[in-house]
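# Summary of structural features
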Amino acid sequence: MSDQHTHHDVSKHVRGYLIIFAALLVGTVLTVWASYIHFGAKDSNTWNIVVALIIASTKAFLVAGYFMHLISEKKLIYSILAFTGFFVVGLMYLTIWSMEPANIVHFK
Amino acid sequence: MQHTNQDSHHQEHAHHEPGFWAKYIFSTDHKVIGIQYAITSLIFLFIGFSLIMAMRWQLAYPGKPIPIIGGLLQQALGDAAAGGVMSPDLYNAFGAMHGTIMVFLGIVPLAFAAFGNFVVPLQIGAVDMAFPRINMASYQSFVVGGVIMMVSFFIPGGAAQAGWTSYSPLATIIPTQGQTFWIIGMVFLITSSLLGAVNFIVTIIQMRAPGMNWMRMPFFVWAQFVTAFLLLLAFPPLEAAALMQLMDKVADTSFFLPTGLVISGQVLPISGGGSPLLWQHLFWFLGHPEVYVLILPAMGIVCEVITNNSRKPIWGYKSLVYSSLAIGFLSFIVWAHHMYLTGMGTKISTFFQTTTMIISIPSVIILTCFFISLWGGSIRFNTPMLFCLAFLPMFGIGGLTGLPLGFNYSDIFLHDTYYVIAHFHYIVAPGTIFALFAGIYYWYPKATGRHMSEFWGKVHFWLSLLCMNLIFQPMFVQGMAGLNRRLYDGGATYAGSGEGIIGIPQFFIDLNKMISHAAWLLAIVQIPFIINFFWSIRNGRKVASDNPWDATTLEWQTPTPPPHGNFIEVPNVYRGPYEYSVPGHKADFTPQNEPEPGTHKTAKPSPK
Amino acid sequence: MNQYLDISRFLQLPVLASEHGKDVDALIIWVHWLMIALFIGWIVFFFYTIVRFRKSKNPKADYNGAKTHASTYIEVAVAGVEGVLLFALAIPLWAKAVGKFPAENESTVIRLTAEQFTWNSRYPGADGVFGKQDISLVNGNNPMGYVDSDPEGQDDRTPNPKDIHAPVNKPVIIYLTSKDVIHSFQLDPMRVTQDAIPGMKIPLHFTPTKVGQYQIQCAQLCGSGHATMDGVFVVDTAEDYNKWLAEKTKTGGPVSFE
Amino acid sequence: MEIPYTVKPRPDTGLYNAKLGIWLFLASEVMLFGALFSAYILLRVGAAEGTWPKGLLNVPLGTINTLVLITSSITVVMAWVSLKMNQFGKFRVYQAITLLCALGFLGIKSYEYKDKFTHYQIVKSDGTYVDGHMVEKTADHVILDGIEAKQLSEINSPEHGKHPEHKHITVPTSEIKKIGNYGPAHNTYMAIYFTLTGLHALHVIGGALVIAFLWGPGAKMWKTEPERFTNRIEVSGLFWHFVDLVWIFLFPVLYLL
Ligand code: HEA
Ligand code: HEA
Ligand code: CUA
Ligand SMILES: [Cu+2]
């Protein structure tokens, strides 16, 4: 990227960075606030988890997308990250799936 | 060089002749680092082999003092080898360390780091690796990891004893610190591999010479490329697991320890709540990609040598490339075929069986391409070629015997028997090790400017081939009869421990003696190789030219040995890697950087 | 199975003494047929090629080499055969092994607890219910943590370690677990192997078909005694079994664990 | 000899070497933390009823630490921007703030760790629990500042909004069946908490060391090779953002859920 930016260009981005920064601060306060409210059915906190993860993912998207310039990154980086994402999801999903009681032949 | 005058980046090597330390120990030159890796990992291979030779004595003659080195062992290791006899603990330690050393300190550094370092930058026409200093750090981290592993033999209680797979809870509850050393050693080795992997990938993507586009890369480079990705993405979960096991050992956590463990009559004072299966998942998530790390570089070497010595292009270059990519991709989702017997339900085992069967297909395709490439060739039987030709059926046997293991229902019987041992040793010993021998004989002239002796090379080959088969073929028979691995008495107890009890027939246990003798013979026939290796550095036949094998790939288009910076002039690449016997050409090989007659245009830098 | 196709003798599989074992053998044998066919095919091609195209015979290589699609067909065929073995044999058989358990009241039910380096069995007695176990009770006299006061445990049969019996031709269900590290219960003649994992209780089932004494092996590295963690699985006639079961029930109750 | 593309991107990939390198490295880091998160999920799902603590950690401190890391992220970006605009002085200032943030983060984290190591749980012989911070320990009794509970779940998942009064509780040594602090060995939650945050803290330290080096002695390069130096700042920044990103997940997962 570095070569394509003139000085002028970069200074234009500064405002954007500051907006992201503000959004991240708001996001943080939001998660904490959301954790004190109970969403969904009475004795399940599934929806709380969903809400928290949605906020966290949004924040992660902002950091990765703008601070780390992923939004305008090269295809090569996207493909590397796509594979990594696939494998990490595979690791999590398959491990958890295979350890589900339904998939383990054992009776407690 | 194109960018020479860009900036005044200071390079000390360019200005004065570096001293011994800078040149050989703290070198950042990829070729020197490659050779450092090669020598170090050969030494580790030798150590790994020595361990198994001692173990094979115990298997053949359980409870008898080990001749010659028994006394030494007792002095060095104390009670574990009292009277020169191998104790069960020592057997387990040697077994675990044999696996660990062979895999992580022998084959991976030799096949990936050593050959990759020496050959890859040359083959793609680069001046060095992308990050020379990280390259050096990678080697140093490897040495530190290796030293920690070696030291662990001599601490009280000895080295790790829970197999190279280090299953918890066993690995955690063994009271000695060998396992802690193992974990810390592994962290260094993992770091080394990660640094190496990043370096290789960046080098291959960024440093290809002009015209060296993806489909013109030698298959060896592709193989290293896929291997680097396997290391990069599969190792971190093992690192995570190692950290957790370390916590279990030193901070009394219970990541892999379930509630209610009772060790020799005592309830273990831990919180519990962990899962032993979690370790297995994380281990095999690395473990399976790791086995392809052991084989892909070997396949790469085989491809180079076979095309060169059959004097014709590889058959199905694209299939090779896509198959190796497919193997790389699929190898991340087959791991639980090592865990069929951990109480797996139907759905999940169906998934892993199916992926296991699918992943065997690209291997079949790769092998098929190699076989068909021979058809129509003009085959020269020199030492490297012999090793590669032997690789094919040997890998074939090893790979095919993976199939009955891959079906869960037949694995019920074969799991943890010598059938498994024979399966993977056929792949890694007469497979990978042979390919690595081929690589050594093949690239030796480039590194030293001299040939190794052909005669002794052939002696080494034929006798090794014989011994390997004498060692591992009977293991299939033993495994089929139900003999288990990791038994320090060679199976004597399970032969039927009393009158009328049906156990393993004695015949199959007696095979151990024959196998052991073959293993020691194998050691003896390595002597010509070792002598040949060192003797030829000074006394071997000088190479007739920079390209003694009449090869096409770029590493042969440099001076011998290549200087710092590799190429006198950055090569331009005009064609694919294996243009042998091109119709209408005078020579039976057309180097990648030889301009087409009549054209003077320089090719565009890698269009695709 | 057709006797000409029977390479089990060539493979030297051990004695077969269980009902489902023949299916295990069948799969092993079929896979080996596939392997042998491929191996012979390739090895013949291989030797023919390297002999025919050796340099002295064929000094000039052919740039194009083989022009054939045979390899594609072979690859597809290999995939096809693997698919058939997978979907026709391996998967349904496995589903039967881990999913379709015989009724407990028509089977011999055994609770088997592995520990370094022995096997402890427990039989539920006439009521068909095991007595409770509690790890906080574990001590030198009560290594399995039996709850003595549990009425359901009063008729349980807890034989000596390594002493395991079952009657012939009746399904056996074993609930397998471990006290310390991972072991693996292996009975080759029954074609049974199952890891015993602490914290998990894994069931397995098989039907012995031949009276005899069979060697139990531990098939998972479990420490210094792994090689000697033997045991005997005795398959009795129904009468002998009942005699054995009755014989020690009085003395072998939960209190006096030997 | 000169390694190409250390400064300028390679035309066909559009990347300079170090940038590709750091992204590959981050990919491996994703796998590392991904594996630990899988472990977290498994342990949590597999935890016996009432043993997985909720609301154990200090949320205000965690929030402050989150804000600290986010702040450091923006200063890292601004430092890079300053270099791009040729304002070396500003760069120094921004990175100094980054480093202070890193120190602040580590300081707060150590305080939280210390808090857990002085927090004890006693299982009494009658099976009830006493849980709180150590006040006094002598040969014949232990005084904790905290609460009493009949069941673990009362301690681990207290009802929302209801915080039981903390008071000094004296337990005679003879009544103590088991005593232990909230270190990693306490339960699997504490184990994964210490492992995840400890590994994260190591990353913070590593990143801070690199940034400090480039702030101090490494800044010499600005004079000779400004573009290359700017690249280095970008690359170290990418790592720093990643560390921030991991924390963005760690915070809700460990503190809030
Ligand atoms: C480099 C190493 C390597 C390679 C490449 C493989 C390849 C394969 N492996 Fe192997 N495996 C190991 C190393 C390797 N393995 C190790 C180390 C272990 C034990 C770990 C331990 O427990 O300690 C193991 C264990 C292991 C198991 C677990 C067994 C058990 O513990 O119960 C299984 C089960 O599915 C398996 C399956 C396979 C399969 C299906 C392949 C397939 O990819 C194979 C595909 C190849 C072919 C199908 C051959 C094709 C060739 C031809 C068709 C041509 C033939 C030509 C001639 C004969 C001339 N392996
Ligand atoms: C890459 C991996 C690799 C390699 C190459 C080997 C090579 C060999 N292995 Fe190994 N083995 C394993 C990986 C490997 N092994 C693993 C993972 C296990 C399981 C461990 C466990 O249970 O946890 C195992 C287990 C294992 C067992 C089972 C032990 C048991 O279960 O109790 C046996 C038994 O015979 C055995 C034998 C051999 C033999 C005879 C060789 C021979 O082929 C060795 C041949 C070696 C050479 C030919 C070296 C040549 C090099 C030189 C001579 C150096 C020259 C030096 C210079 C020039 C400086 N191995
Ligand atoms: Cu028990 Cu091996
Ligand atoms: Cu595998």
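The structure displayed is predicted, hence computed values, not measured ones.

### Quick word on the sheet that holds strand β4 (residues 172-178) of chain C
Residues and elements named next belong to chain C. Spatially, the four strands line up as an open sheet ordered β2-β1-β4-β7, and their pairing is mixed. Each edge of the open sheet is held by one strand with a lone partner, namely β2 (118-122) and β7 (202-206). Pairwise comparison of adjacent strand axes, ignoring direction, gives a mean angle of 25 degrees for this sheet. Across five bridges, β4 lies against β7 in antiparallel orientation.

### Notes on the interface of chain B and chain C
Between chain B and chain C, the residue contacts involve 96 residues of the former and 90 residues of the latter. For the pairing of chain B and chain C, the buried interface totals around 8000 Å² over both sides, and the portion due to carbon and sulfur atoms is 69%. In terms of surface lost to chain C, no three residues of chain B exceed Trp-375, Tyr-409 and Tyr-494 of chain B, which account for 11% of the buried area on that side. For the interface between chain B and chain C, the tally reads zero salt bridges. In this structure, the connection of chain B to chain C is made through 27 residue pairs in polar contact (both at pLDDT 80 or more). In terms of residues, the side of chain B that touches chain C owes the most to one element, helix α12 (residues 346-374) of chain B, which gives 14 residues. Partitioned by chemical class, the residues of the side of chain B that touches chain C number 52 nonpolar, 34 polar and ten charged. Strand direction decides the pairing type here: strand β3 (residues 501-502) of chain B and strand β8 (residues 212-218) of chain C, joined by two bridges, are parallel.

### Structural notes on the environment of Asn-231 of chain D
Locating Asn-231 of chain D in the fold gives a position in helix α7 (residues 226-256). On the accessibility criterion, Asn-231 of chain D (4% relative accessible area) is buried.

### Points about helix α11 (residues 317-330) of chain B
Residues and elements named next belong to chain B. When the terminal C-alpha atoms of α11 are compared, their 20 Å separation across 14 residues agrees well with the 20 Å that a helix rising 1.5 Å per residue should span. Within α11 the residues assigned to the buried category are Tyr-317, Leu-320, Val-321, Ser-323, Ser-324, Ile-327, Gly-328 and Leu-330. Tucked inside the fold, the buried residues of α11 contact α9 (219-250), α10 (276-310) and α12.

### Notes on the coordination of the copper ion (ligand 4)
All names here are of chain B. Protein ligation of the copper ion (ligand 4) involves His-288 (ND1), His-337 (NE2) and His-338 (NE2), the donor distances falling in the range 1.8 to 2.1 Å. Counting gaps between the donor residues of the copper ion (ligand 4) yields the pattern H-x48-H-H. Separating the copper ion (ligand 4) from the iron atom of ligand 1 is a gap of 4.5 Å. On the criterion of sequence distance, the pair formed by His-288 in helix α10 and His-338 in the loop between α11 and α12 is long-range, its members being 50 residues apart. Accessibility expressed as a relative area gives 5% for His-288, which makes it buried. The class of His-338 is partly exposed, set by a relative accessible area of 25%.

### Here we look at the site of ligand 1
Taken together, 32 residues sit near ligand 1, with Tyr-292, Asp-411, His-415 and His-423 of chain B together with Phe-39 of chain C positioned nearest. At the site occupied by ligand 1, the surrounding residues belong to chains B and C. Trp-164 of chain B places a side-chain nitrogen or oxygen 2.8 Å from an oxygen atom of ligand 1. His-415 of chain B places a side-chain nitrogen or oxygen 2.6 Å from an oxygen atom of ligand 1. Ranked by residues supplied to the shell around ligand 1, first place goes to α12 of chain B with six residues. By residue class, the composition of the shell around ligand 1 is 19 nonpolar, eleven polar and two charged.

### Notes on the confidence of the model for chain C
Residues and elements named next belong to chain C. Across chain C, the average pLDDT comes to 85, with 92% of residues at 70 or higher. When the elements of chain C are averaged for pLDDT, helix α1 (residues 8-11) gives the smallest value, 68, and strand β5 (residues 183-187) the largest, 95. In this model, residues 250-258 is a region of pLDDT below 50 whose contacts with residues beyond four sequence positions or in other chains number 23 contacts. Scored as a whole, the predicted complex attains pTM 0.94, and scored at its interfaces, ipTM 0.94.

### A look at the packing of helix α1 (residues 17-46) of chain D against α7 of chain D
Helix packing geometry: the angle between the two helix axes and the distance between the axes. Residue and element names in this part refer to chain D. Put simply, α1 and α7 touch, their axes get as near as 10 Å, and they point 15 degrees apart. The angle between α1 and α7 places the two elements in the roughly parallel class. Seen along the crossing, α1 lies across α7 with a hand that is right-handed. Counting all contacts with α1, which are made through Ala-18, Lys-19, Ile-22, Trp-23, Phe-25, Leu-26, Glu-29, Val-30, Phe-33, Phe-37 and Tyr-40, the residues of α7 involved are Glu-234, Val-235, Leu-238, Phe-239, Phe-242, Val-246, Phe-249, Leu-250, Val-253 and Leu-254. Along the lines of polarity and charge, the residues of the contact of α1 with α7 split into 18 nonpolar, no polar and three charged.

### Focus: the arrangement of the chains
Comparison of the five pairs of chains in contact shows the highest number of contacts for chains B and C. In this structure chain C stays clear of chain D, and the shortest span between their C-alpha atoms is 11 Å.

### Focus on the environment of Thr-432 of chain B
Residues and elements named next belong to chain B. Mapped onto the secondary structure, Thr-432 falls in helix α16 (residues 418-448). Classification of Thr-432 by relative accessible area gives buried; the value is 0%. As for Thr-432 and Phe-387, which are separated by 45 residues in sequence, their C-alpha atoms are 10.0 Å apart. With near-sequence residues (within four places) excluded, Thr-432 lies in contact with Ile-107, Leu-294, Ile-295, Ala-298, Phe-391 and Ile-427.

### Regarding the sheet that holds strand β3 (residues 141-149) of chain D
All names here are of chain D. With respect to topology, five strands assemble into an open sheet ordered β4-β3-β2-β1-β5, the strand pairing being antiparallel. Strands at the two margins of the open sheet, each flanked by one partner only, are β4 (167-172) and β5 (176-181). Strand-to-strand, the axes of this sheet are offset by a mean angle of 40 degrees, without reference to chain direction. Pairing between strand β2 (residues 129-137) and β3: eight bridges, direction antiparallel. For Asp-131, the partnering residue across the bridge sits in β3 and is Ile-147. Strands β1 (119-124), β2 and β5 of the sheet are contacted by helix α3 (residues 88-117), whose axis makes an angle of about 20 degrees with β1.

### Details of the site of ligand 2
All names here are of chain B. The local shell around ligand 2 holds 33 residues, among which Arg-56, Tyr-91, His-98, His-425 and Arg-486 are the closest. The side chain of Arg-56 places a nitrogen or oxygen atom 2.7 Å from an oxygen atom of ligand 2. The side chain of His-425 places a nitrogen or oxygen atom 2.7 Å from a nitrogen atom of ligand 2. Sorting the residues of the shell around ligand 2 by element identifies α3 (30-60), α5 (88-123), α16, α17 (454-480) and α19 (527-539) as the ones contributing at least two each. Among the elements that make up the shell around ligand 2, the one with the highest residue count is α16 (eight residues). Residues belonging to the shell around ligand 2 are distributed by class as follows: 24 nonpolar, six polar and three charged.

### A closer look at the nonpolar core
Membership of the largest hydrophobic core comes to 391 residues, with the highest contact counts inside it found for Phe-94 and Phe-370 of chain B together with Ile-174, Phe-185 and Phe-233 of chain C. Residue contacts for Phe-233 of chain C: discarding those within four places in its chain leaves Ile-164, Ala-166, Ile-174, Phe-185, Leu-187, Phe-206, Gly-212, Gln-213, Tyr-214 and Ile-216 of chain C. In terms of nonpolar packing, the next biggest core, distinct from the first, is built from seven residues, Val-130, Val-142, Leu-144 and Val-171 of chain D among them.

### What to know about the packing of α5 of chain B against α9 of chain B
Residues and elements named next belong to chain B. Between α5 and α9, whose axes approach to 10 Å, the crossing angle comes to 130 degrees. On the basis of the axis angle, α5 is oblique to α9. Between α5 and α9 lies a crossing whose hand is left-handed. Every residue of α9 that contacts α5 at Phe-104, Ala-111, Phe-112, Phe-115, Gly-116, Val-119, Val-120 and Gln-123 is listed here: Phe-220, Val-221, Gln-224, Thr-227, Ala-228, Leu-231 and Phe-235. Taken together, the residues that form the contact of α5 with α9 break down as eleven nonpolar, four polar and no charged.

### Structural notes on the side chain of Ser-410 of chain B
All names here are of chain B. Following the sequence through the fold, Ser-410 ends up in helix α15 (residues 408-414). According to the relative accessible area criterion, Ser-410 is buried, its value standing at 0%. A distance of 2.7 Å separates the side chain of Ser-410 from the backbone oxygen of Pro-404, its partner in a polar contact.

### Here's the deal with the pattern of salt bridges
Counting across every chain of the model gives 15 salt bridges over all chains. A salt bridge links Arg-311 of chain B to Asp-588 of chain B, with the shortest nitrogen-to-oxygen separation between them at 2.8 Å. With Arg-311 of chain B in the loop between α10 and α11 and Asp-588 of chain B in the segment after α19, this residue pair connects regions lying 277 residues apart in the sequence. Owing to a relative accessible area of 3%, Arg-311 of chain B belongs among the buried residues under this scheme. A salt bridge links Lys-124 of chain D to Glu-175 of chain D, with the nearest nitrogen and oxygen atoms 3.7 Å apart. You can see Lys-124 of chain D sitting in strand β1 and its partner Glu-175 of chain D sitting in the loop between β4 and β5, a full 51 residues away along the chain. When its relative accessible area of 12% is taken as the criterion, Lys-124 of chain D is described as buried. Classification of Glu-175 of chain D by relative accessible area gives partly exposed; the value is 34%.

Quick notes on the rules
Residues numbered from 1 in each chain as written. Chains lettered and ligands numbered in written order. Predicted model: local features only at pLDDT ≥ 70, side-chain atom pairs only at ≥ 80, totals over all residues. Heavy atoms only, no water. Pairing = 2+ DSSP bridges. Helix = DSSP H or I, 4+ residues; strand = E, 2+ residues; numbered from the N terminus. Axes fitted to C-alpha atoms, helices over the stretch in contact; angles between N-to-C directions. Contact = heavy atoms within 4.5 Å. Buried area = accessible area lost by both parts, 1.4 Å probe. Salt bridge = Lys/Arg side-chain N within 4 Å of Asp/Glu carboxyl O. Polar contact = N/O pair within 3.5 Å; in protein donor to acceptor, adjacent residues only side chain to side chain. Nonpolar A, V, L, I, M, F, W, Y, C, P; charged D, E, K, R; others polar. Buried < 20%, exposed > 50% of the residue type's maximum accessible area, 1.4 Å probe, protein only. Expected span 1.5 Å × (residues − 1). Donors = N, O, S within 2.8 Å, 3.2 Å for Na, K, Ca; no water. Near = heavy atom within 4 Å. pLDDT = per-residue confidence, 0-100. Parallel < 35°, antiparallel > 145°, perpendicular 65-115°, else oblique. Left-handed = near helix turned anticlockwise from the far one by under 90°. Core = buried A, V, L, I, M, F, W, Y, C linked by side-chain atoms within 4.5 Å.

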